[in-house]
Structures are given as C-alpha cells and as structure tokens.
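If you want the building blocks of each chain, they are given just below.
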Amino acid sequence: MEIREVLVDVVLTIILVVSTLTLVWRVWQDLTMAVATTLMMLSLGGLFLSLNYKIQQLDASVVARERTMRVNLEEISRTMAQKYDNTVQHIDATVNDITRRMYR
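Overview of the structure. (Residues numbered from 1 in each chain as written. Predicted model: local features only at pLDDT ≥ 70, side-chain atom pairs only at ≥ 80, totals over all residues. Heavy atoms only, no water.)

**Here's the deal with the pattern of salt bridges**
- Throughout the structure, instances matching the rule amount to three salt bridges.
- Its salt-bridge partner being R70, residue E66 comes within 3.0 Å of it at the nearest N-O pair. Pair noted here: E66 and R70 are both in helix α2 (residues 31-102), with a separation of four residues, about one helical turn.
- For E66, a relative accessible area of 44% corresponds to the partly exposed category.
- Notably, a salt bridge pairs D97 with R101, separated by 3.3 Å at the nearest N-O pair. Taken together, the residues D97 and R101, both in helix α2 and four residues apart, mark about one turn of the helix. (Salt bridge = Lys/Arg side-chain N within 4 Å of Asp/Glu carboxyl O. Helix = DSSP H or I, 4+ residues; strand = E, 2+ residues; numbered from the N terminus. Buried < 20%, exposed > 50% of the residue type's maximum accessible area, 1.4 Å probe, protein only.)

As structure tokens, then:
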C-alpha cells in the first residue's frame, strides 16, 4: 500500500480532527462534552482509515483470486485440449483399423 493512496484519507481525517478541536474550543466550558466530542471524532477518523485499509485488502484479495482462477482455467483448457486430441487420435486409429479389416 502506497502513501499516495492513503494520503487523501489521512488529510480528510486531519481536517476532521482539526474541525472537531475548533468546535471543542468553542464549547470548552463543558469539559465532559469537549473530551467526548474529541474522542468521538478521533475514533470516527480512525474508523475511516481502518475501513479504507480493509477495502484495499479485499481488493488485493479479489485480484489474487482472479489471477488464480485465470491460471486454473488456462490449465483446464490445456488439459481438455490434450484429452480432446488424444480422443480424436484414438477414434482415427479405431476407424483406420476397422477400415483395414473391412477391405481384407
């Protein structure tokens, strides 16, 4: 995960915290409300960052599964093509054998 991908979320979280601190500065008379508001905004910002991280992990997991499925499908395709070729060769050999027996 690169810093550039998370930079926007970090900046928005910082803006959220700064705006909350500004709000708390205005209502500083009630210490309980000020602390609760600050903790609420810090946890909300952390939740946003955590959610972004989990979504990126899920995206990476989906990409890895897609790559694995593509490789498996290619392998199945090769195997089926080989079985098809073997079956066609066997049928050709059988038809040739029957044809030779009929002309004797």
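**Concerning the side chain of N52**
- Within the secondary structure layout, N52 lies in helix α2.
- When its relative accessible area of 17% is taken as the criterion, N52 is described as buried.
- In this structure, N52 is in contact with E5 and D9, ignoring residues within four places of it in sequence. (Contact = heavy atoms within 4.5 Å.)

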